[in-house]
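As a plain string of letters, each chain reads:
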Amino acid sequence: MKVVLVGYMASGKSSVGRLLAKQLGAKFIDLDSYIEEHQKKTIRAIFSENGEIFFRKLEHKMLQKVLNENESVLLSTGGGTPCYSNNMDTILKNSNHSIYLQLSVSALVERISKEKDQRPLVKDLEDHELPEFIGKHIFERRQYYELAKHIISCDKKELEEVVAEIEDLL
Ligand code: S3P
């Protein structure tokens, strides 16, 4: 069974994926970590040394590799993965389950402001610039996230509640 989690940065894809995989006894792959292991570099270093376009091509290649090489996997993607893969609709349709972890802009701002330095796309923004940046970004990206078969609204929910909701869907 293939399960793909999508959503904006800091929406909990990795934490939800890890806990869900543990509970299901499934293989878990976090695409960002997979890329970092493969390149032996952090995502931040890839962005700063090779640029975003290089990262996007690599991300797409690694996404295909993970899905081709694993018959059964729970995959958490990066926040931009569905937006830069031209066949994402097919990928999501061909997965048994695809789930968009949705959060409000204000909840994302709160989470992202605490860990801005780790995130190449927002690290140079001032805190007061985050709401407008994230709001516009989600507006552009939601059409891709919404290709997922299921949407889970995660505002004000504990990790365990989100995981339990997904388990009910599977
Ligand atoms: C990105 C999100 C990041 C990472 C990269 C780009 C994005 O992943 O892939 O920094 O374009 O939204 P997370 O969503 O896991 O933070």
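Residues numbered from 1 in each chain as written. Predicted model: local features only at pLDDT ≥ 70, side-chain atom pairs only at ≥ 80, totals over all residues. Heavy atoms only, no water.

A separate point is the pairing of strand β3 (residues 73–76). By the alternation rule, side chains of β3 split into V73 and L75 and L74 and S76, which are all buried. Summarising the sheet, strand β1 (residues 2–6) and β3 pair through four bridges and their orientation is parallel. Bridge pairing in β3 places V3 opposite L74. By the bridge criterion, three bridges tie strand β2 (residues 28–30) to β3 in an arrangement that is parallel. Each residue of the ladder has a partner; that of I29, found in β3, is L75. (Buried < 20%, exposed > 50% of the residue type's maximum accessible area, 1.4 Å probe, protein only. Helix = DSSP H or I, 4+ residues; strand = E, 2+ residues; numbered from the N terminus. Pairing = 2+ DSSP bridges.)

Volume-wise, the largest pocket comes out at about 850 Å³. Lining the largest pocket are 33 residues, and of these M9, A10, D32, E115 and R119 sit closest to its centre. A per-element tally of the lining of the largest pocket places helix α6 (residues 105–114) first, with four residues. (1 Å grid on protein atoms, 1.4 Å probe; cavity = no way out; pocket = protein on both sides within 12 Å on 5 of 7 lines; lining within 4 Å. Points joined across faces, edges and corners; volume = space filled by probe spheres on them.)

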